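# Topology and contacts: notes
Spelled out, the chains give:
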Amino acid sequence: MIKNIKGTKDLLPNATYNLQDIENHLTRFMHLHGYGEIRTPIFESTELFTRSVGENTDIVNKEMYTWEDQNGQSLTLRPEMTASVARAYIQKQMWKIEPISKYYYIGPLFRRERPQKGRLRQFHQFGVESIGSENPEQDAEVISIAYNIYKMFGIEDISIKINSLGSGNIREIYSNDLKESLSNFKDSFSDSELKRLEQNPLRILDSKNEKIIKIINENAPNIFDYISPTDKKHFESVLNILDTMGIPYVHDNYLVRGLDYYNQTVFEVISNKLGGQDALCGGGRYDKLISQLGGEDIPAVGFAAGMERLIIAMNLENNESTSTDIYIINNEISLNGVSMLLADNIRKNLGVAVYVDTLRRSLKSQLRHSNKMKSKFSIILDAKTLDENTVCIKNMEKNSQDIIDFNNVVSYFESE
Ligand code: AMP
């Protein structure tokens, strides 16, 4: 039997129904905030990600699905969205058209990670990118969007971690000091942690290893002590706006985020419900990325949020939701055409969902199925009553029924 690839998922109607509902809410929410949808290709040239995400990141080092095209060009399934959005923005020279571009996206991403709950090889993210403003109010808007989305979906136990990485070469100076301060404790590091410390020391701060966390807390320097007064002021302004908006956060001195392009504000939204993979969403400012990829010197800020983790946090993983409004039951094969015509009339006139059995089930089992589909009404077509031009409409919630003239079925529901 051919099976799906490890770390990927087939989504059946009970899952896609919830997803569509979430996507509809997100689309509306983004529209209310002045963000328009951007859709970019699922694969890009590999160079886009090596140059933006960074050569020494886990993503580029070991997680990308990369192959050589027939013409020898190296291509990669996108492992994240910001690089693609930046590329599209630059390619279309959007800064010449509008002073600020606000985008949102929803779509699949690909990383060859070790699959576990909340961690897939094909996963889905929604996110925003606002390109054009360097001001702290833009950071605050993006953070508040992330926070309010989770509130909209009824997720209560979330917290925001926020930090500033400063700008200029602060990252490099800090990385070197961090490496040096931790080099005395190399005995406590595993091989992969040592490699990390060597190649991308900032990533050590993401460690989940209790022993390493203790060493960091007791010995690592604080990036916040390195950043300039201007960067501090920027950060404080972001926090002030969040305070005014009543959005709670924790300033986490060791929050750095894995990708190379971040500067100044970085943040994550964490849920207590998610266990090991507790990050619902992460983002920050990336003021140099647009110029680094060949555009003008244009600042930007955004976030990316995992769809699968949102679904876990919403407790929707095992939700059964195949449903209909009206179920048309008939007890004779000869009535199939009439049932289907009636179903079409109701759908066309009232815009409600109508289900017709195509398995030739018995009356009893159609009724049972109608119940299972949580229909509000069942219409029972019976050859005998149809001779008198009547049908029986059963209200499934109230368990009551009415006998109605066949020609009045649509108007019956109009008044319901
Ligand atoms: P990142 O792009 O790594 O900053 O991730 C942003 C968000 O995407 C995370 O907070 C997760 O919610 C989600 N995410 C990242 N990687 C995965 C994955 N392999 N499987 C599922 N969700 C993921």
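Sequence order as written defines residue numbering, which begins from 1 separately in each chain. Local features in this predicted model are restricted to residues whose pLDDT is 70 or higher, and side-chain atom pairs enter the listing and the counts only when it is 80 or higher, whereas totals over whole chains, interfaces and linings include all residues. Computation of side-chain values: all heavy atoms of the structure, hydrogens and water removed.

## Some thoughts on the overall build of the chain
Across its full length, the chain holds 15 helices and 16 strands. Every radius of gyration here is taken over C-alpha atoms, with the globule rule written as 2.2 Å times N^0.38, N being the number of residues. Taken over C-alpha atoms, the radius of gyration comes to 28 Å for the chain, far larger than the 22 Å a tight globule of 416 residues would show. Computed with a 1.4 Å probe, the accessible areas rest on the Shrake-Rupley method; for each residue, only the protein chains presented here act as cover. Of the accessible surface of the chain, which amounts to about 21200 Å², a share of 48% is contributed by carbon and sulfur atoms. Counted charges follow a simple rule, with Lys and Arg positive, Asp and Glu negative, and His plus the chain ends left uncounted. One atom stands in for each charge, and that atom is NZ of Lys, CZ of Arg, CG of Asp or CD of Glu. Positive and negative side-chain charges in the chain, numbering 48 and 57 respectively, have mean positions lying 5 Å apart. To qualify as a helix, a DSSP run of H or I must reach at least 4 residues; to qualify as a strand, a run of E must reach at least 2; elements of each kind are numbered from the N terminus.

## Remarks on the sheet that holds strand E7 (residues 158–164)
A pair of strands is treated as paired once DSSP finds two or more bridges between them. Pairing is mixed across the open sheet formed by 8 strands, whose spatial order is E1-E5-E6-E11-E10-E9-E7-E8. The open sheet has two free edges, formed respectively by strand E1 (36–37) and strand E8 (250–251), since each of these has just one partner strand. Bridge analysis of E7 against E8 gives 2 bridges, and the strand direction is parallel. Each bridged residue has a counterpart across the sheet, and for lysine 161 the counterpart in E8 is valine 250. Across the sheet, helix H9 (residues 229–245) touches E7, E8, strand E9 (263–271) and strand E10 (279–285), and the angle it forms with E7 is around 160 degrees. Two residues form a contact once any of their heavy atoms are found within 4.5 Å. Think of each axis as a best-fit line through the C-alpha atoms, taken over the contacting stretch in the case of a helix, with angles from 0 to 180 degrees between the N-to-C directions.

## Let's talk about the site of the ligand
The near set for a molecule or strand comprises every residue that places at least one heavy atom within 4 Å of it. Taken together, 14 residues form the shell around the ligand, and within it Arg111, Glu113, Leu120, Gln125 and Arg257 come nearest. Glutamate 113 places a polar side-chain atom, nitrogen or oxygen, 2.6 Å from a nitrogen atom of the ligand. Contact between the ligand and glutamine 125: an oxygen atom at 2.9 Å from a side-chain N or O atom of the residue. When the free accessible area of the ligand is taken as 480 Å², the share hidden by the protein chains comes to 91%. Residue assignment for the shell around the ligand shows that the elements contributing at least two residues are strand E6 (122–131), E10 and strand E11 (300–306). Per-element tally for the shell around the ligand: the top contributor is E10, with 3 residues. The classification used treats Ala, Val, Leu, Ile, Met, Phe, Trp, Tyr, Cys and Pro as nonpolar, Asp, Glu, Lys and Arg as charged, and all other residues, Gly among them, as polar. Considered class by class, the residues forming the shell around the ligand number 6 nonpolar, 3 polar and 5 charged. Polar contact criterion, stated in full: a pair of N or O atoms within 3.5 Å, where within protein one must be able to donate a hydrogen and the other to accept it, and residues adjacent in sequence count only if both atoms are side-chain atoms.

## Observations regarding the environment of asparagine 163
Topologically, asparagine 163 is positioned in strand E7. With a relative accessible area of 0%, asparagine 163 lands in the buried category. Here the alpha-carbon distance between asparagine 163 and valine 266, two residues 103 residues apart in the chain, equals 5.4 Å. Among the polar contacts listed, one links the side chain of asparagine 163 to the backbone oxygen of aspartate 252, at a separation of 3.2 Å. Within the structure, asparagine 163 has its side chain in polar contact with the backbone oxygen of asparagine 253 (distance 3.0 Å). When a residue's accessible area, from a 1.4 Å probe over protein chains only, is under 20% of the maximum for its type it is buried; when over 50% it is exposed; and in between it is partly exposed.

## Some details on the domain arrangement of the chain
Domain delimitation follows an automatic or database domain assignment. Considered domain by domain, the chain is made up of domain 1 (13–167 + 227–313) and domain 2 (326–414). Spacing between the C-alpha centres of domain 1 and domain 2 amounts to 48 Å.

## Observations regarding the sheet that holds strand E14 (residues 377–381)
The strands making up a sheet are joined through hydrogen bonds of the backbone, oriented either antiparallel or parallel. Taken in spatial order, the 5 strands make up an open sheet running E13-E12-E14-E15-E16, and their pairing is mixed. In this open sheet, the two edge strands, each paired with only one partner strand, are strand E13 (354–356) and strand E16 (400–405). In this sheet, neighbouring strand axes are inclined to one another by 25 degrees on average, regardless of whether the strands run parallel or antiparallel. Inspection of the sheet shows strand E15 (residues 390–395) paired to E16 by 6 bridges, in the antiparallel sense. Within E16, the position partnered with asparagine 395 by the bridge is serine 400. Its contacts with the sheet put helix H12 (residues 336–350) on strand E12 (326–330), E13 and E14, and the angle it makes with E13 is roughly 170 degrees.

## Quick word on the nonpolar core
Within this scheme, the nonpolar core is defined by two criteria: the residues are buried Ala, Val, Leu, Ile, Met, Phe, Trp, Tyr or Cys, and they are joined through side-chain atoms within 4.5 Å. Counting 93 residues, the largest nonpolar core has Tyr150, Phe267 and Phe303 as its most contacted members. Ranked by residues supplied to this core, first place goes to helix H5 (residues 136–152) with 8 residues. In terms of nonpolar packing, the next biggest core, distinct from the first, is built from 20 residues, Leu342, Val391, Tyr412 and Phe413 among them.

## Considerations on the packing of helix H1 (residues 13–32) against H5
One way to put it is that H1 packs onto H5 with a least axis distance of 11 Å and a crossing angle of 140 degrees. On the basis of the axis angle, H1 is oblique to H5. Judged by the twist between their axes, the crossing of H1 over H5 is right-handed. In this structure, H1 uses His25, Leu26, Phe29 and Met30 to contact H5, whose residues at the interface are Ile145, Asn148, Ile149 and Met152. What sets the label is the angle itself: under 35 degrees gives roughly parallel, over 145 gives roughly antiparallel, 65 to 115 gives roughly perpendicular, and the rest give oblique. Left-handed is the label given to a crossing in which the near helix is rotated counterclockwise from the far helix by less than a right angle, and right-handed is the label when the rotation is clockwise.

## A few points about H5
One full turn of an α-helix is made of 3.6 residues, so residues set three or four places apart face in the same direction. Expected span of a helix: the number of residues minus one, times 1.5 Å. Along its 17 residues, H5 runs 24 Å from first to last C-alpha, staying within 8% of the 24 Å computed at 1.5 Å per residue. Taking burial as the measure, the 17 residues of H5 include 12 buried ones, the bulk of the element. Those residues of H5 lying buried are Pro136, Gln138, Asp139, Ala140, Val142, Ile143, Ser144, Ile145, Ala146, Tyr147, Ile149 and Tyr150.

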